[in-house]
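# Per-entry structural report
Next come the chains, spelled out residue by residue.
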Amino acid sequence: MDVVHHPRVAWEGARTFVNAADGNVYWWLSDMLGRSLGTTHQTRLSETRLRLQREEAWPAETAAWRVRLEDMLRARPDLAPVVLQLVADTSRRLSP
């Protein structure tokens, strides 16, 4: 039985999702977030994409996503495998 460290999952998710929000992977991730975690997360990714137009927004957006994902995982620990899979799939799509 694997132990899932939710704060680590939230941190990896935050870094990956914010990274993806500023590129072509955004469209795929937006769709997957809507399907897997709900339209609220899809909307938040859209808002992140807009805020990333300002260079100084990156740290704040990453922090916001970390808290958002950590809160979600605290309430719904069963979603950790879903987030981990989204991170893995998104990371593969971000790699050249």
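Structure: above.
So, here is what we can say about the structure in this document. (Residues numbered from 1 in each chain as written. Predicted model: local features only at pLDDT ≥ 70, side-chain atom pairs only at ≥ 80, totals over all residues. Heavy atoms only, no water.)

Take the overall build of the protein next. Of regular secondary structure, the protein possesses five helices and zero strands. Counting from the amino terminus, the protein carries its helices and strands in the arrangement α-α-α-α-α. For 96 residues, the compact-globule formula gives about 12 Å, and the C-alpha radius of gyration of the protein, at 12 Å, lands near that figure. Its C-alpha atoms put the protein at 40 × 25 × 25 Å along the principal axes. For the protein, the residues scored as buried account for 40% of the 96 residues in total. For the protein, the share of sequence-separated contacts (at least 6 apart) that also reach a separation of at least 24 residues comes to 71%. Of the roughly 5,800 Å² that the protein leaves accessible, carbon and sulfur atoms contribute 53%. Here the protein contributes 13 positively and 12 negatively charged side chains, and the mean placements of these two sets differ by 2 Å. (Helix = DSSP H or I, 4+ residues; strand = E, 2+ residues; numbered from the N terminus. Rg over C-alpha atoms; globule rule 2.2 N^0.38 Å. Buried < 20%, exposed > 50% of the residue type's maximum accessible area, 1.4 Å probe, protein only. Contact = heavy atoms within 4.5 Å. Areas by Shrake-Rupley, 256 points an atom, 1.4 Å probe, with all protein chains shown as cover. Lys, Arg positive; Asp, Glu negative; His and termini not counted. Charge placed at Lys NZ, Arg CZ, Asp CG, Glu CD.)

Right, let's get into the pattern of salt bridges. Here the structure, examined in full by the defined rule, presents 11 salt bridges. For Arg8, the salt bridge goes to Glu12, with nearest N and O atoms at 3.1 Å. In this pair, Arg8 and Glu12 both sit in helix 1 (residues 6-21), four residues apart, roughly one turn of the helix. Measuring nitrogen to oxygen at the nearest pair gives 2.7 Å for the salt bridge that ties Arg76 to Asp78. Members of the salt-bridge network, linked through shared partners, are Arg66, Glu70, Asp71 and Arg74. (Salt bridge = Lys/Arg side-chain N within 4 Å of Asp/Glu carboxyl O.)

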